[in-house]
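Descriptive analysis of the structure
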Amino acid sequence: MAHPAPAPISNNSLSFNDIRSPNQQLLPLTAQANAEGCLEIGGCDVFELVQRFGSPLYIVDEEALRVACRQYRSTFEQYYPGEFQVLYASKAWSCLAICAIAASEGCGVDVMSAGELYTALQAGVNPNQIYFHGNNKSPAELQAAVAVGCTIVADNWLELHRLVELATEGLQPRVMLRVTPGIECHTHEYIRTGHLDSKFGFDPNQLDEVFSFACQQPSLQWVGLHAHIGSQIFELQPHQDLTAIMVEWLAKATTLGLPMGELNVGGGLGMRYTESDNPPRIDTWVKAVISGIVTACQRQQVPLPKLLCEPGRSLIGPAAVTAYTLGSRKVVPQLRTYLAVDGGMSDNPRPITYQSAYCAVVANRMTAPATEIVTIAGKHCESGDILLKDVPLPQTEPGDILVVMGTGAYNHSMASNYNRLPRPAAVLVSKAEASLILERETNQDLIRQDRLPSRLTAVEPVRT
Ligand code: LLP
């Protein structure tokens with residue numbers, strides 16, 4: 001396989017013409033093959049990282065994450081004449097280090113559970129830069145969100161009524177309204193959210209009623225409108241259509257005496273998982289959104305809103321890889337060669353859930369030519385536990401390190417302990433330094449929540 005040429009990054013400058021957009025890369029920005037033909041990321045030898053931190057291992061390229069955050073922010077800075085805020089959609093990977101990096105780049109954080117909120121707060125994210133989503137926030141989650149003062153993106157009537165109850169004289173919750181825009185986009189049906197038959201948000205037909213309710217509820221701060229149309233989207237048109245619709249809603253709210261100053265167009269920009277994927281650059285996407293908003297505001301004669309977006313995948317997805325150790329080989333003559341790795345659907349559930357395709361390289365054989373087509377199997381007791389199907393690889397041996405690219409988004413965050421596999425560690429690499437950001441789970445961690453009723457302890461465990 002012609003291994004994807006990493007883009008050289010010589011400095012942190014934001015001259016994007018020199019730097020390919022991180023979401024268009026297969027390997028993270030700083031990846032390169034060293035003189036020995038081994039893969040390095042952030043100046044760290046991947047083979048050595050696995051020796052030091054164990055396998056499987058998530059490896060996060062700090063530079064790639066920072067460059068992606070900066071591409072979003074500086075495009076807004078350069079092209080949007082109004083206020084803006086980029087939020088990191090932490091559902092893509094919620095952990096302290098990643099939230100802290102996003103915040104240090106000036107991004108706020110979007111959360112959708114008390115757990116994600118807690119993580120963002122512990123990472124030091126300012127509550128006034130946290131937006132709380134979800135179609136069924138519990139009373140406790142709403143209360144926690146209101147108490148810390150973050151913005152709540154209300155999804156339904158039940159939440160609106162509960163928010164009114166939570167408001168007190170000294171505490172006026174900041175509320176956005178999530179609306180389903182009725183926009184179709186071409187992505188997997190499980191990750192489409194903007195079509196009318198979606199569990200998320202208010203139906204646009206309910207807007208008049210919601211706006212008139214809002215007008216009668218001064219106990220809440222009605223700050224704006226939100227919509228999210230889906231994920232892993234390569235087209236620009238759906239987001240441009242979205243901006244036009246949202247500005248129409250904004251104009252309507254203003255007419256009804258409910259001036260709302262913020263519009264959040266959600267996330268959704270796709271990333272490159274395989275050679276054939278061709279997502280737009282981050283700056284191209286931001287410019288398309290901006291031009292949609294500016295044009296629509298001129299047409300509707302409403303002032304430019306504070307513009308928010310909340311990318312997840314395009315920020316963290318391309319910044320990380322998963323390194324596995326290759327193990328057994330099964331050759332089915334004339335049919336297929338299976339190579340098994342020491343992880344699988346528990347650390348990356350995307351192939352079995354969405355039939356997602358990935359690319360891989362062998363970290364310690366970067367210059368070896370691809371000579372065979374193999375299928376990479378996970379180690380779980382599940383026939384569908386296949387990470388990559390029919391991919392070209394060089395001749396390998398057990399113990400070689402297979403690196404699956406583009407695993408930063410929705411891998412660790414959707415990981416499980418199926419078959420009681422401990423979840424892998426994660427390291428952050430930058431400038432030839434590796435820092436552990438997630439400890440590898442241990443067998444003790446796996447039984448941490450188990451309780452053995454005393455009547456069962458009478459049975460002597462079999463000593464092994
Ligand atoms: N905002 C909201 C309200 C969302 O629901 C999502 C993603 C995002 C922002 C971020 O979207 P992104 O920029 O990452 O596309 N587990 C699936 C993806 C589910 C996306 C859920 N919502 C996957 O692995 O493909």
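Each chain has its residues counted from 1, running along the sequence as written. Per-residue local features of the predicted model are confined to residues with pLDDT of at least 70, and side-chain atom pairs are confined, for both listing and counting, to 80 or more; whole-chain, interface and lining totals are unaffected and use all residues. To get the side-chain values, all heavy atoms of the structure are used, and hydrogens and water are removed first.

**So, the domain arrangement of the chain**
Note: interface size is frequently given as the accessible area lost on complex formation between the parts. Note the following rule: Where each domain begins and ends follows an automated or database-derived domain assignment. Any pair of residues with heavy atoms lying within 4.5 Å of one another is described as a contacting pair. When two components associate, each loses some accessible surface as probed by a 1.4 Å sphere; the sum of these losses over both components is called the buried area. By salt bridge we mean one thing: a side-chain nitrogen of Lys or Arg within 4 Å of a carboxyl oxygen of Asp or Glu. Distance and chemistry together define a polar contact, namely a pair of N or O atoms within 3.5 Å, with one atom able to donate a hydrogen and the other to accept it when in protein, and with adjacent residues in sequence counting only for side-chain atoms on both sides. Runs of E in the DSSP output that reach at least two residues are strands. Runs of H or I that reach at least four are helices, and both are numbered from the N terminus. Each residue receives one of three labels: charged for Asp, Glu, Lys and Arg, nonpolar for Ala, Val, Leu, Ile, Met, Phe, Trp, Tyr, Cys and Pro, and polar for the others, Gly being one of them.
Split by domain assignment, the chain resolves into domain 1 (22-59 + 317-445) and domain 2 (63-316). For domain 1 versus domain 2, the separation of C-alpha centres amounts to 32 Å. Contact with domain 1, which involves 29 residues of that partner, is made by 33 residues of domain 2. Of the roughly 2600 Å² buried between domain 1 and domain 2, counting both surfaces, carbon and sulfur atoms make up 64%. On the domain 1 side of the interface with domain 2, the three residues burying the most area are Asn23, Gln24 and Tyr410, jointly 25% of the side's total. For the pair domain 1 and domain 2, the interface holds zero salt bridges. The interface formed by domain 1 and domain 2 holds 10 residue pairs in polar contact (both at pLDDT 80 or more) in total. Residue assignment for the side of domain 1 that touches domain 2 shows that the elements contributing at least two residues are helix H11 (350-354), strand E19 (425-430) and strand E20 (433-438). The residue makeup of the side of domain 1 that touches domain 2, split by class, is 17 nonpolar, 11 polar and one charged.

**Brief notes about the nonpolar core**
Across soluble globular proteins, nonpolar side chains have a tendency to be buried as a group. Inclusion rule: Here, nonpolar core means buried Ala, Val, Leu, Ile, Met, Phe, Trp, Tyr and Cys residues that are tied together by side-chain atoms lying within 4.5 Å of each other. A simple rule labels every residue: compare its accessible area, found with a 1.4 Å probe on the protein chains alone, to the largest value its type can have, and call it buried under 20%, exposed over 50%, or partly exposed in between.
Membership of the largest hydrophobic core comes to 90 residues, with the highest contact counts inside it found for Trp93, Trp222, Leu225 and Ile316. Composition of this core by domain shows at least three residues from each of domain 1 (22-59 + 317-445) and domain 2 (63-316). The contacts of tryptophan 93, once residues within four sequence positions are left out, are Tyr58, Val60, Tyr88, Ile98, Ile316, Ala320, Gly408, His412, Ser413, Ala426 and Leu438.

**As for the site of the ligand**
Rules: Being near a molecule or strand, for a residue, means having at least one of its heavy atoms within 4 Å of it. For every accessible area listed, the method is Shrake-Rupley and the probe measures 1.4 Å; residues are considered covered only by the protein chains on display.
The environment of the ligand is made up of 19 residues, and the closest members are Ser231, Glu310, Arg350, Tyr354 and Tyr410. A distance of 2.9 Å is found between an oxygen atom of the ligand and a backbone nitrogen or oxygen belonging to glycine 268. At 2.6 Å, a side-chain N or O of arginine 350 approaches an oxygen atom of the ligand. Burial of the ligand by the surrounding chains reaches 92%, relative to a free accessible area of 580 Å². Residue classes in the shell around the ligand are distributed as six nonpolar, seven polar and six charged. Counting residues domain by domain, the shell around the ligand receives three or more from each of domain 1 (22-59 + 317-445) and domain 2 (63-316).

**So, helix H9 (residues 282-300)**
Filter applied, for reference: By this rule, a helix spans an expected 1.5 Å times one less than how many residues it contains.
Between the first and last C-alpha of H9 there are 27 Å, a value that for 19 residues agrees with the 27 Å anticipated at 1.5 Å per step. Those residues of H9 not exposed but buried are Ile282, Asp283, Trp285, Val286, Ala288, Val289, Ile290, Gly292, Ile293, Ala296 and Cys297. For H9, the elements touching its buried residues are helix H2 (62-79), helix H8 (237-255), strand E11 (262-264), strand E12 (306-309) and helix H10 (313-316).

**Comments concerning the confidence of the model for the chain**
A low pLDDT means the predicted coordinates there should not be read in detail. Cut-off, in case you're wondering: The quantity called pLDDT is the predictor's confidence in a given residue, expressed from 0 to 100.
Per-residue confidence for the chain gives a mean pLDDT of 93, with 92% of residues at or over 70. This model gives residues 1-16 a pLDDT under 50, and the stretch forms 37 contacts once residues within four places in sequence are excluded.

**A look at the environment of leucine 315**
Following the sequence through the fold, leucine 315 ends up in helix H10. Since its relative accessible area comes to 1%, leucine 315 is described here as buried. Here the alpha-carbon distance between leucine 315 and proline 22, two residues 293 residues apart in the chain, equals 7.9 Å. Beyond its immediate sequence surroundings of up to four residues, leucine 315 is in contact with Leu65, Ala68, Cys69, Tyr72 and Tyr88.

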